[in-house]
Amino acid sequence: MNRKYGSQLFSQERSFSECICLKNALKSLITAPLEMLLGVKYGQGPLHIRLTYSESSKTIEKSVEREFDSTSKRRKTGNENGLETVELLNSGVGCITTGVGRTVVTDTSLNGLQHHQSSDFSKLLLEKVRRPCSFSFHCNRDPIYFGGRYLKFSRNVSQTCWMIDEERMGEASVEEIISSCILLMCRGDKYKFHAAGREDIDVRMLGSGRPFLVEIQNPRHIPSDVLVKDIEEKINSSRDKLVRVKNLKLVGSQGWTLMREGEAEKQKEYAALVWISRPLEDPDMLSISSVRDMCILQRTPIRVLHRRSPLDREKIIHWMKIERIADTSQYFILHLCTQAGTYIKEFVHGDLGRTHPSIGSILGCRAEILQLDVTDVKMDVF
Amino acid sequence: MLQVPMTDESAQASSMCTDSAAAQNGGSPTELKEVREVSGEDENKELRELLLPDVRNLPLAPPSAVEVNFVAYFAPDFMKPGHDHYVYRHPNGLCVVGLAPTHVAFRDEGGVTGVDFNVGKSDRSAIKVTGKRKKNAQHFESNTMLCKVCTKSDSYVVRCCVKGSLLEVNERLIKQPNLLNSSADREGYIAIIMPRPADWLKVKATLLGLEEYKRLKEQG
């Protein structure tokens, strides 16, 4: 596949209205032989093959600088694979990538260019081409997406990998447990985990489960429906029983928008183990269960105030129910349904009065929360 | 015990995928529906069992949110005898400052009757701190005045005790000074301060832990 640049310059010597850029010329010449060689058809698809032709020459770099220094602006656009990408604007040269001893001309669009500039440039390239250029290729497939719902049974497992000062918090993460299993089966390069909301490390995710999306980048193998079921089985039958997955399936790229749609309006249901500073009485049951769409004002909780804006957030408590616990008088399970984004722990203990009303203020006593579980994430997805 | 309100949709949706019995039956719609309902009920039952705590493990009175989430420090006789302050420090670095139970103000007849944040050069309750970077927060020294606490007979100056950015004052105290009398260690807190890590280490060396503070006050 060694090819002299020379053969490509013919396209540059034509008049400007007929010019096509170097990259497209090369592409149209290579496509047919490649199709024959690989036994496939070229077209729009998930598999991409990138062919890179590079010319090693320090002198091109210097001449280009000389020619275009005064008339063009240079702009560093980034560092790709150790090469500095410098865009020469207003010079008619789309992109010249210069790096350590290598100069790669990846695109030349000669539209709207001064005549004398282009011919000068052509001269430059004509001079330099005596050696064949070097070639490399890289294959990449579009990412695939898995959707589903997860349950978390442990109070020591975070949703995403959580590190403080090189040390992991908790014993595992939902993200790693689910994604690494899928990544392995798909033989992909990397994964990205997204979920519809999150819960604290010490809060269990029960009931219907929380919708999540796993993006697998550059998968070598796309699993069949049967294999997807196998992946779900594998995750669910692990010895630890920390996390469970439901409804795992391949979804299109619209899975992302599906999950994000109306996330803020979604309601969530919780069950909290609450203690109050006096025995529970019948009037309390009524004052709690009679709540319908109650508005509360929550100041940014102290436990997140270091990294979030100090704001007053209005949230809605849709309904609440008390479930007594046999053999106790000051403990009960509080079932509640709230607007997305409500801080439940702070709603129970009041966060030093910064969440108002709170369970304590409604019942007129001190209230503490011992445990919290998410019992339902009301979303119509996965 | 009250019934847990579970919506029908959630019960059905979750039962559909885990329901291998229905798949095996492959039977009539009514059979399927029955199996689905039972499955939904099973899941309900499983959930309820998970939610119920073991009553034997429940303490008589659990530790409070403040006790669980903060480490309590004390600054006794801060700049003046009897002016005992507390500093509750959260693991995220924020410090809640307030009056310790042994503060002289509580000894006055009638307790605290008023709180005024307009001290020093500015009204502390008027500062608006915004954004993640806490713009507009005032940087105070540990001896900077936070507010004045008044009783029937006297008034006392409350100071920061911690050098750092003042994030928030408890402006509820203006209308409800009685919070200091009823719960100075919770709803009656004075302010929230964010010290730099280096400044915290310096001031921490001068503060007392809970046990030390108790011992000191029992002697005095």
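Residues numbered from 1 in each chain as written. Chains lettered and ligands numbered in written order. Predicted model: local features only at pLDDT ≥ 70, side-chain atom pairs only at ≥ 80, totals over all residues. Heavy atoms only, no water.

1. Here we look at the overall build of chain A
Of regular secondary structure, chain A possesses ten helices and 20 strands. In chain A, buried positions account for 47% of the 382 residues. Of the contacts formed within chain A by residues at least 6 apart in sequence, a portion of 70% connects residues at least 24 apart. Here chain A has roughly 19600 Å² of accessible surface; of this, 51% comes from carbon and sulfur atoms. (Helix = DSSP H or I, 4+ residues; strand = E, 2+ residues; numbered from the N terminus. Buried < 20%, exposed > 50% of the residue type's maximum accessible area, 1.4 Å probe, protein only. Contact = heavy atoms within 4.5 Å. Areas by Shrake-Rupley, 256 points an atom, 1.4 Å probe, with all protein chains shown as cover.)

2. Section: the nonpolar core
Phe 146, Ile 178, Ile 182, Phe 212, Met 320, Leu 334 and Ile 359 of chain A are the most contacted members of the largest nonpolar core, which totals 60 residues. In terms of residue count, the dominant contributor to this core is helix α5 (residues 174–186) of chain A (six residues). (Core = buried A, V, L, I, M, F, W, Y, C linked by side-chain atoms within 4.5 Å.)

3. Overview of the interface of chain B and chain A
Listed as interface residues are 47 residues of chain B and, on the opposing side, 46 residues of chain A. Of the roughly 3800 Å² buried where chain B meets chain A, counting both sides, 64% is carbon and sulfur surface. Applying the counting rule to chain B against chain A returns five salt bridges. The partner of Glu 168 of chain B in a salt bridge is Arg 299 of chain A, with the nearest N and O atoms 3.3 Å apart. Remark: the boundary between chain B and chain A carries 16 residue pairs in polar contact (both at pLDDT 80 or more). For the side of chain B that touches chain A, the elements supplying multiple residues, two or more each, are α1 (8–18), α3 (29–51), α4 (65–69) and β10 (164–169) of chain B. (Buried area = accessible area lost by both parts, 1.4 Å probe. Salt bridge = Lys/Arg side-chain N within 4 Å of Asp/Glu carboxyl O. Polar contact = N/O pair within 3.5 Å; in protein donor to acceptor, adjacent residues only side chain to side chain.)

4. Side note on the confidence of the model for chain B
All names here are of chain B. Model confidence for chain B is summarised by a mean pLDDT of 83, while 82% of its residues fall at 70 or above. Under a pLDDT of 50 for its full length, residues 1–27 has, in the predicted model, 40 contacts with residues more than four places off or in other chains. Across the whole predicted complex the pTM is 0.75, and at the interface the ipTM reaches 0.80. (pLDDT = per-residue confidence, 0-100.)

5. Regarding the pattern of salt bridges
For the structure on display, the rule yields 26 salt bridges over all chains. Put simply, Glu 346 of chain A and Arg 303 of chain A hold a salt bridge, and the shortest N to O gap is 2.8 Å. Pair noted here: Glu 346 of chain A is in helix α9 (residues 344–349) and Arg 303 of chain A is in the loop between β16 (292–299) and β17 (312–324), with a separation of 43 residues, a long-range link. Classification of Glu 346 of chain A as buried rests on a relative accessible area of 2%. Here Asp 77 of chain B makes a salt bridge to Lys 217 of chain B, at a shortest N to O gap of 3.9 Å. Remark: Lys 217 of chain B occurs in helix α8 (residues 210–219) and Asp 77 of chain B occurs in the loop between β1 (71–75) and β2 (85–89); sequence separation between them is 140 residues. The class of Asp 77 of chain B is partly exposed, set by a relative accessible area of 38%. Overall, Lys 217 of chain B belongs to the partly exposed group, its relative accessible area being 25%. The structure contains a network of salt bridges with shared partners spanning Arg 299, Asp 312, Asp 351 and Arg 354 of chain A together with Glu 168 and Glu 171 of chain B.

6. What about unusual backbone geometry?
Here the amide bond leading from His 356 of chain A into Pro 357 of chain A is cis, since omega sits at -5°, within 30 degrees of zero. Among the secondary structure elements, Pro 357 of chain A is positioned in the loop between β19 (355–356) and α10 (359–363). One non-glycine residue, Asp 293 of chain A, adopts positive backbone phi at about 50°. For Asp 293 of chain A, the position within the fold is in strand β16. Its identity is not glycine, yet Asn 136 of chain B carries a phi of approximately 70°, on the positive side.

7. Here we look at the sheet that holds strand β7 (residues 138–140) of chain B
All names here are of chain B. Across the sheet, which stays open at both edges, the seven strands sit in the order β7-β10-β11-β3-β2-β1-β12 with antiparallel pairing between neighbours. Of all strands in the sheet, those bounded by a partner on one side alone are β7 and β12 (208–209). Bridge count for β1 against β12 is two bridges, and the pairing is antiparallel. Bridged to Phe 74 within β12 is Leu 208. (Pairing = 2+ DSSP bridges.)

8. A closer look at α5 of chain A
Residue and element names in this part refer to chain A. Under the 1.5 Å per step criterion, the end-to-end length of α5 is 19 Å for 13 residues, consistent within 8% with the ideal 18 Å. For α5, the complete set of buried residues consists of Val 174, Glu 175, Ile 178, Ser 179, Cys 181, Ile 182, Leu 183 and Cys 186. Taken from the residues just after α5, Arg 187 is the one with a positive phi, measuring 50°. (Expected span 1.5 Å × (residues − 1).)

9. Examining a nonpolar patch on the surface
Residue and element names in this part refer to chain A. Taken together, the side chains of Leu 37, Leu 38, Val 40, Leu 47, Ile 49, Phe 135 and Phe 137 present a nonpolar region at the surface, about 710 Å² in accessible area. Among the elements of the structure, α2 (22–38), β1 (47–54) and β6 (134–141) are those that each provide at least two residues to the nonpolar patch. Its place among the elements puts Phe 137 in strand β6. (Patch = residues over 30% accessible without salt bridge, like charges linked within 9 Å, V, L, I, M, F, W, Y side chains within 5 Å.)

10. Brief notes about the environment of Ala 271 of chain A
With respect to the helices, strands and loops of the structure, Ala 271 of chain A is situated in strand β15 (residues 267–276). Considered as a pair, Ala 271 of chain A and Gly 353 of chain A are 82 residues apart in the sequence and their alpha carbons are 22 Å apart. Ignoring anything within four residues of it in the chain, the contact list for Ala 271 of chain A reads Ile 333, Leu 334, His 335, Gln 371, Leu 372, Asp 373 and Thr 375 of chain A together with Leu 51 of chain B.

11. Here we look at the pairing of strand β20 (residues 367–377) of chain A
Residues and elements named next belong to chain A. Burial of β20 is extensive: nine of the eleven residues sit out of reach of the surface. The sheet contact formed by strand β13 (residues 204–217) and β20 spans two bridges and is parallel. Following the sheet pairing, Arg 204 is matched in β20 by Asp 373. As paired strands, β15 and β20 are joined by nine bridges and run antiparallel to one another. Considered in β20, the bridge of Leu 273 is made with Gln 371.

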